[in-house]
Structures are given as C-alpha cells and as structure tokens.
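The lines below spell out each chain.
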Amino acid sequence: MDSALRERVGQVLLPGDEFCCDTDGVISLSDTVRPEKVLCGPGLRRSGDRLLVCKSGVLRHKEPNVFWIDSQQWRYVPVKGETVIGVVAAKSGDVFKVDFGGSEQASLTYLSFEGATKRNRPNVQVGDLVFAQFIVANKDMEPELTCMDSSGRANGMGVFGGGGLLFRVSLGLVRRLLSPGSELRSDLEKLLPCELVVGMNGRVWTRAADVQKTLVLANLLQSCDTMSCSQRRQLFSRVRQGAL
Amino acid sequence: MEACNTSDVTLRAFGCEHNLLSRPDGSASFVQGDTSVYAAVYGPAEVKVSKEIYDRATLEVLIQPKVGLPSVRERSQEQCVRETCEASLLLSLHPRSSLTLVLQVLHDDGSLLSCFLNAACMALMDAGLPMSCLFCGVTCAISADGQIITDPTAAQEKESRALMTFAVDSRERKVLMSTTKGSFSVHELQQCIAVSQKASEKMFQFYRDSVKRRYSKNL
C-alpha cells in the first residue's frame, strides 16, 4: 500500500479511487515482517483492507508515512487543535457563541481567557473578533474554543484590537500561508510590512501602516488564490515597482 | 447528437467550469451541446431544527427553471438528483448539518436530467464534500425505428418512442438511479444500460481531466 501511494504522490486523485493492500496472501516465516503503517490525513478513508479517496485533490506525502489529499475548498470543518478567527455572535450567561464559518456556532467560556477569573471578566462584546483554538471538535458534539494554551498563557490568542481588515480566502491558500517555509509568506513580508493573522477557517485579518496598504494587501492575497508561482512573482514585482 | 450503435457511443460536445460563483462553497457549470446548467453547493451549514437528522446531513436539492416557478416536473427531477447524490455522498460524516444544492437551468436542449446530474457531481466535488464515488448521468432515447440515441437533443427527445436517464457510479459502473418514459422491451432497457455504462467511461475521463486542469496551478 505504501509503495502504491508513494507512486501517486503529486497526482490529482478523485473520489472513488482506491488503493489495495498488495499482500499476495503468503507470509514469509524466515524474514522478519515489518508491519507497514500508513497514516491517513484528510481525504483518505480506510475501508477494510483498502484505502479510499473521498475528496478530489492532489495527493501529498510527508516522511515517513503520512499521506493526505490537498484540496481547494471554501467551507471549514473544525478540527481539534486548529486556530481560527471567529466573530462573537451572542453572549449567554457564562459562554459566548462564536461564529467561525462552520456548520454550527462554537462556545467559548469567559474563563478561557488569560487572566480571567470569576471576578475579573474579560471585556468581550458581541461583534468582536477572537483568535481562538479548538479544544473540542467532534462531528457529534458542539465545538468548543479556548483563548489559552495548555499552560494558561494567551500565546497570541484573544480578542482583536481596533483597525485592520478581515477577509476570506480559500482553505488551500490558508494552508499554503501557514506551511513552514512558505514562499508566499516570505514574498509578502518583503513586499509590505504588516500584521497578519491567519485562521485555519479561511479568515485572514491584516493591518498595515495605513488603510490603503491594508487594502492592497487584502486584494493581493485574494488574487493569489488562483495564481501559479510565477504569476504571483510577476504581480509582486509589479507592485514593488510602484503599480499600487 | 447522432444516432449510434452499441460499439461506438457518441455524445454531444460537453464542457464544464469549476468554482465560477463567489458566494457558494462549491459551484460548477456543465454544458452538453446546447443544454447548460449552473450548480451551486452550500454546506455543511446550519440546519433547521425541523429538518435535522441526528446521524447524517440533510441534503436539499432545488431546481430553478429558466422561467417561472418550479413545478411538479422540477420536483420529480429534484428527487432523482437528491437520491443519486445521497447514494454517493458520505453524509454520515457531517451529522446535524445541511447541504443545499441549487441547480439553475440556463438552456434546455434535451438530456436535461443528465446535465443536472453531471453539474451536481462537479459542484459537490468542487465543494470538497466527502464522497464514496463519483456519478454521471446519461440520457438515452429510443427512436421510432428502434435506434438508441445517447444524449439526445430536444427535437430527438420529442420524436423518440422511449426516453431513459441513468446515473452511473464511477467505481463499478453500476446504475445508481434510473428514470424512464415511454414503452420499450426488457432487451432494449438492458441495451440502453450497456450503452450508458460505455458513455460513462468518457464522462469520467473528462471529470478527471477537468479536475486535473483545476489543480494544475498547485501541483
């Protein structure tokens, strides 16, 4: 199975494609048999001894044995541990309801902010933006967010300050922005110094020196979605030469 | 466009465009000859309590005709499309949520239901919803002299003795849905199924090529 998957890394797969376990039904007694382990990420499902593809996209691989399907989509499905940008939609007693663009609203208790106690409530209003992390994300349960890491520190999470602009890009672009050593991010950094907050749910918040630069940045990012690497370089160099 | 025998299946020129609408989560347009349909998918999104199903997603299909309001004909087509989509989607992965598929007719020149099915499959795939397999729709007409015509035009449909539409899945080429009109023999039905299965090969190859083209920029 491992070799069959490796062969198709970088190719486009469609739902319904499958990989079979290539055992020939003979177990060697003399050789030590190393069990072949494959870790499946999004888009791959195990069914019996077969591996089924359930999303269209490009098959990706990470050493030693992680495989997943990289697909371009717009709707976010919560995953535990991912950080997202949400909008506080309602305040009801001890919990805030946060809209993060998924199928239901997530809950966020007022105690899950850094330094918050029963006496000292955080200042969160309806309509505020929060950068938070999923601690419960399960298809059968209500998603739950927190603005603290496991050691009780904010670690960059919490309520956003004033200014800045929130916009939406595709989830594929978000993953490209957040991947370590991303070319897109380093190109952007060279082009325009700015604050950039990227939520895994496709929402991006940015603030540059002034409103005009912020808008330029937002437009650039949104157009990056449908551009290849060379097209992007061309656009960025045009912008750098002053075609703002 | 033309009549054909079982060995060589001819379909009208067809084409597709992905992700052309900005608001929906997934969209596609599908063109078969002069028949053209837009499809848009929203979801998994919040569901009305009355429509909530505790262990799977609720799929709603809405067909908008070119003019006027949807009527009985659209309702029956909606049901055909919905049942096909339910068979191929893994709805249990998104319980208590809603999926909405909107199909807008741009022009009807025969084989409309198969065009709906193809557009729906493309849009669902574009939205990145988990599917167990793909499906495609093929319409066959049996003309008065017993010839089988795949992908008929509206004029050919009108002259035909019988009209059948099949949805074929991509894994085992099995029939997921069938709807028929007119009179025909069992033998003719089986012949039509065989023809549509052959035609589906072409469709699925096209699906693959068009998705490949879509992802060509981030390979």
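Residues numbered from 1 in each chain as written. Chains lettered and ligands numbered in written order. Predicted model: local features only at pLDDT ≥ 70, side-chain atom pairs only at ≥ 80, totals over all residues. Heavy atoms only, no water.

Under an unreviewed UniProt entry, the name given to chain B is Exosome complex component RRP46, and the source organism is Solea senegalensis. You can read under Sequence similarities (unreviewed entry) in the UniProt record for chain B the words "Belongs to the RNase PH family." (UniProt positions renumbered as here; feature names shortened; annotations may be inferred.)

The name recorded for chain A in an unreviewed UniProt entry is Exosome complex component RRP40, from Solea senegalensis. Comment text from UniProt for chain A, heading Sequence similarities (unreviewed entry), reads "Belongs to the RRP40 family."

A. How the structure looks around the interface of chain B and chain A. At the junction of the two partners, chain B supplies 34 residues and chain A supplies 37 residues. Taken together, the links from chain B to chain A amount to 5 salt bridges. Across the contact surface, chain B and chain A share 8 residue pairs in polar contact (both at pLDDT 80 or more). By residue number, the principal contributor to the side of chain B that touches chain A is helix α4 (residues 186-214) of chain B, which donates 5 residues. Taken together, the residues that form the side of chain B that touches chain A break down as 16 nonpolar, 9 polar and 9 charged. (Contact = heavy atoms within 4.5 Å. Salt bridge = Lys/Arg side-chain N within 4 Å of Asp/Glu carboxyl O. Polar contact = N/O pair within 3.5 Å; in protein donor to acceptor, adjacent residues only side chain to side chain. Helix = DSSP H or I, 4+ residues; strand = E, 2+ residues; numbered from the N terminus. Nonpolar A, V, L, I, M, F, W, Y, C, P; charged D, E, K, R; others polar.)

B. Up close: the environment of Gln 133 of chain A. All names here are of chain A. Relative to the assigned elements, Gln 133 resides in strand β11 (residues 129-136). Judged by its relative accessible area of 21%, Gln 133 is partly exposed. Separated by 92 residues in sequence, Gln 133 and Asp 225 place their C-alpha atoms 25 Å apart. Residues contacting Gln 133, with those up to four places away along its chain left out, are Gly 81, Glu 82, Thr 83, Glu 144, Leu 145, Thr 146, Met 148 and Met 157. A polar contact is formed between the side chain of Gln 133 and the backbone oxygen of Gly 81, at a distance of 3.1 Å. (Buried < 20%, exposed > 50% of the residue type's maximum accessible area, 1.4 Å probe, protein only.)

C. Highlighting the pattern of salt bridges. Residues and elements named next belong to chain A. Tallied over the entire structure, the rule returns 28 salt bridges over all chains. Put simply, Arg 232 and Asp 187 hold a salt bridge, and the shortest N to O gap is 3.4 Å. Taken together, the residues Arg 232 in helix α5 (residues 229-240) and Asp 187 in helix α3 (residues 183-191) connect sequence positions 45 residues apart. Take Arg 232: its relative accessible area is 6%, and that puts it in the buried class. Salt bridges sharing common partners tie together Glu 183, Asp 187, Arg 232 and Arg 233.

D. Representation of the side chain of Asp 25 of chain B in the model. With respect to the helices and strands, the residue Asp 25 of chain B is situated in the loop between β1 (14-18) and β2 (26-32). Here Arg 75 of chain A takes part through its side chain, which lies 2.9 Å from a polar atom of the side chain of Asp 25 of chain B. Apart from residues lying up to four places away in sequence, Asp 25 of chain B is in contact with Trp 74, Arg 75 and Arg 168 of chain A together with Val 41, Tyr 42, Gly 43, Asp 126 and Ala 127 of chain B.

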